[in-house]
Structure formats: C-alpha cells, structure tokens
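What the coordinates show
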Amino acid sequence: MRRNGIGIRTAQAMSERIVGQIHVYDGSSKGKSQAALGVVLRSIGLGIHSDSPTRVLLLRFLKGPDRSYDEDAAIEALQKGFPHLIDQVRTGRSEYFGHDEIITFDRQEAQRGWDVAKGAIASDLYSVVVLDELNPVLDLGLLPVDEVIHTIKDKPEQLEIIATGRAAPPALLDIADLHSEMKPHQHPTAQAHGITGIEIYTGAGKGKSTSALGKALQAIGRGISQDQSHRVLIIQWLKGGIGYTEDAAIAALRQSYPNLVDHQRCGGDAIVWRGQQKEIDFVEAERGWEIARAAIASGLYKTIILDELNPTVDLELLEVEPIVEALLRKPKDTEVIITGRCLNPPAYFDLASVHSEVFCHKHYANHGVELKRGVDF
C-alpha cells in the first residue's frame, strides 16, 4: 500500500519484492502483537490458494502456558482455521518480572525459545517467523544480543522476521528494515465516564489495519469455543477497488469462518484529494456509515472494525457528531476498532479507552524497496 496525501492507492498493479524484511514493532501502547498476527493472517490468506502454502512460526517469549494473554484467542482461531500452516511455541514463566528478579529458569526458557528460533530460521520451512516479545528478552539480558543480531541478519533471503515487544535494543533497530513504535494516548473523558470498548489506531507507521485484524481474530477465537455469536464486521472506507493490504487476510477469515465475518467496502478506487472531493466520495462515505451505524446499534456484532474512518472524517466526507452519538450508545459488549491517520483528531478520539499512535521510524518502502504480496498487500 502506498499513500500520497489522504486516501489509499490500490496495490493491485504493484511490482513486488522477493527479499524478506526484518520488522520491529515496539513501544508502550497496544497493537504490537496484534500487528504481527495481522501480517500472519495476510500471509496465510495469500498462501491458501498457492502451490506453495505459507507456513508460519509463532514463537512467544515470556508467555508461559499457565497464563492467558490477549492474543491466545486469536492464535486459537488461526490454528483451528489453518492447522497445517501455523506452528506455535511458548516459553517463559507466566508472571511479569524485572531485571532484579531474573532466575535460572528465565534464562533456560529464553535459550530454549532461541534454539527453536535458530532452527526455524535456518530450516527454510517458514515464510514468516514471529519472535513475539523478543525485544524485552534482549532488554533483560536473557539472550546475547550479538548472537541474535548475527542470526537474524543471516536469515534466508525470502524469510520475513517480525520482532515485537517493548524496549527494542538499538542493535536490533539498526538492522530493522521496518520499525513502528506504538505510543499511547490517554483520554480523561473516556476514563471519567467509564467508556470502554473503543480502540483507535492512528499515525503514519505500519500496523494500524493489521492490529485491527488481530482484534478480529481475537473476537472469533473467543467465540468459537463458546457459541456462534461472536460475529465480526469489517467496514473499509476509501477502498472501493481491489488489491489492498487487507484483502488476503479478510479472504482467509471468511473462508474459515463464513458465518462469523461480514465485510463491506466503500469508496472509489482512487485517491481522494483534500479540496477536490467528488459527489461520489460523499455518497460512498455516507453509505458506509449507514451500515456502520446500524451495526453498532444492533448488538449483533462483538467486534466492528471501522477501517480508514479517521481519514474519511478528516476529509470532511462524514460529520463527526453522528459518530460520537453512535459510539456513546453502543452496547457495552461491542468493541469498535477505528483505524487510519488524520491531520485533525476528531471529537470521538476522546471516547477511546485505547488509543495507539503508530510512529514510523523506518519503512523499507521509503528506501526504494518494493512491497511484498502476502506481507504488505
């Protein structure tokens, strides 16, 4: 996906890279592991109809099996939908600990995980290896940074490696091809009034829509072991064509869970320029919002993703007040995830219980590297 001003250019006609890149998602806000899972879903979605299906390793440091984590349900949904394409390894103890609380078991578990990672990287069996929470493992000194950096730098050419977690060491950031930092914003209005279930992902970095897809996986995963009520609706504005970054991921979700995932897109297959909006842009934006408003009020969906709503409002294609009113009246058990960059934060940002701004410190596309089908689009 390439951006030029506000709006999304289709990736349909893009040439694509072959060389795999090193992705790092860090920062103190939510969305890091979710973004990694979104990339995984996209990669699988491309591979399910390929002669060479995509295989993924999810290696999770510091996340022992005796505790539940946000992404557990998402991974369960992935493994149930694509059991032959997902491998998962968990290491570490189940409680948080600091530098002065490290025990021998922590070093042993980190080394066990790293031994698995080294074997996976060298095996050429995987197209994507996710090293979840590798960043704090290195920050805690549980693994030798030099060895990890050397192994990652010498990865097979086509392999994508994704490292997540807070406090990524400078040496890892130096070799990263993509570095997105998730920074939190606090909204006193939401806290004071106990407003929950509204998450916003903004900023110029990579990881907003992919984090939202991770949330969709979580909702499905929570539901498949209980009942069929955990339905997900994905509405995309400014994306009326084909070949966008989320297409393969959404296709994968709908193939495995056709009764749980609904998808609507609106807008034209063209950039919408500020000051040059056309009548069809307003019509399409309003059409999408009418669907979204009814869905939010209905209570039929546990998770509703409003992808690229922020730039749609920023372009003044939609009014802010109806959105605020709909969000204030949403059922308590309905989560609404809103994505997209914007120049002028709208009033509904004050309702967010989670607001992550994704900063782009590095992106390979800014250095002439082509995007890759199944990872970037």
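Fair warning: this is a prediction, and the values are worked out from it, not measured in the lab. (Residues numbered from 1 in each chain as written. Predicted model: local features only at pLDDT ≥ 70, side-chain atom pairs only at ≥ 80, totals over all residues. Heavy atoms only, no water.)

**Some thoughts on the overall build of the protein**
Applicable threshold: Only DSSP runs of H or I reaching four residues or more are called helices, and only runs of E reaching two or more are called strands; each is numbered from the N terminus. Should any heavy atoms of two residues lie within 4.5 Å, those residues are considered in contact. Values of accessible area rely on a 1.4 Å probe in the Shrake-Rupley scheme; residue burial ignores everything except the protein chains shown.
The helix and strand inventory of the protein stands at twelve helices and twelve strands. A separation threshold of at least 6 residues defines the contact pool for the protein, and within that pool the share at least 24 residues apart is 84%. Roughly 15600 Å² of accessible area belongs to the protein as shown, and the carbon and sulfur atoms make up 50% of that amount.

**Looking at the packing of helix α10 (residues 279–298) against helix α12 (residues 320–328)**
Note the cut-off: Fitting a line to C-alpha atoms yields each axis, with helices limited to the stretch in contact; the angle taken between N-to-C directions then spans 0 to 180 degrees. Here is the rule for angles: anything less than 35 degrees is roughly parallel, anything more than 145 is roughly antiparallel, 65 through 115 is roughly perpendicular, and the remaining ranges are oblique. Left-handed is the label given to a crossing in which the near helix is rotated counterclockwise from the far helix by less than a right angle, and right-handed is the label when the rotation is clockwise.
It is at 9 Å that the axes of α10 and α12 come closest, and there the two elements cross at 20°. In terms of their interaxial angle, α10 and α12 are classed as roughly parallel. Helix-helix and strand crossings are classified by hand; for α10 and α12 the assignment is left-handed. Where α10 abuts α12, its residues W289, R293 and I296 lie against P322, I323, A326 and L327.

**Digging into the packing of aromatic side chains**
To describe a pair of aromatic rings, you give the distance between the ring centres and the angle between the ring planes. Our working definition: Ring pairs are drawn from Phe, Tyr and Trp, using the six-membered ring of Trp, whenever the two centres fall within 6.5 Å, and their geometry is named by plane angle: stacked under 30 degrees, edge-to-face over 60, tilted for the rest. Residue burial is assigned from relative accessible area. The probe radius is 1.4 Å, only protein chains are included, and a residue is buried under 20% of its type maximum, exposed over 50%, and partly exposed in between. Any Lys NZ or Arg CZ that is within 6 Å of a ring centre and within 35 degrees of that ring's normal is treated as a charge sitting over the ring.
Summed over all chains, the structure comprises one aromatic pair. Relative to F349, the ring of Y348 has its centre 5.6 Å away and its plane inclined at 50°; by these criteria the two rings are tilted. Exposure class is identical for Y348 and F349. Each is buried. Stacked on the ring of F359, the Lys or Arg K183 has its end atom at 4.1 Å from the ring centre.

**Let's talk about the pattern of salt bridges**
Opposite charge on two side chains permits pairing when their charged atoms draw close. This is how it is decided: Salt bridge, as applied in this entry: a Lys or Arg side-chain nitrogen positioned within 4 Å of an Asp or Glu carboxyl oxygen.
Evaluated as defined, the whole model comprises 23 salt bridges. One salt bridge connects D87 with R55, and the closest N-O pair in it is separated by 3.0 Å. Taken together, the positions of D87 in strand β3 (residues 86–90) and R55 in the loop between α1 (32–47) and β2 (56–60) put the pair 32 residues apart, joining distant regions of the chain. Accessibility expressed as a relative area gives 21% for D87, which makes it partly exposed. Salt bridges linked by common partners bring R60, K63, E71, D72, R90, D132 and E133 together as one network.

**Details of the environment of L217**
Relative to the elements of secondary structure, L217 occurs in helix α8 (residues 208–224). On a C-alpha basis, the gap between L217 and L37 in space is 8.4 Å, while along the polypeptide they are 180 residues apart. If near-sequence neighbours (up to four positions away) are discounted, L217 is found in contact with L37, L41, A73, A74, A77, L78 and L253.

**Things to note about the sheet that holds strand β6 (residues 178–184)**
Threshold: When DSSP locates at least two bridges between a pair of strands, those strands are taken to pair.
If you trace the twelve strands from one edge of the open sheet to the other, you get β3-β2-β4-β5-β1-β6-β12-β7-β11-β10-β8-β9, paired in mixed fashion. The open sheet terminates on both sides in strands that have one partner only, identified here as β3 and β9 (261–265). Taking the axes of each pair of neighbouring strands and ignoring which way they run, one obtains an average angle of 15° across the sheet. In this structure, strand β1 (residues 22–27) lies alongside strand β5 (residues 160–164), joined through four bridges in parallel fashion. Directly across from Y25, in β5, lies its bridge partner T164.

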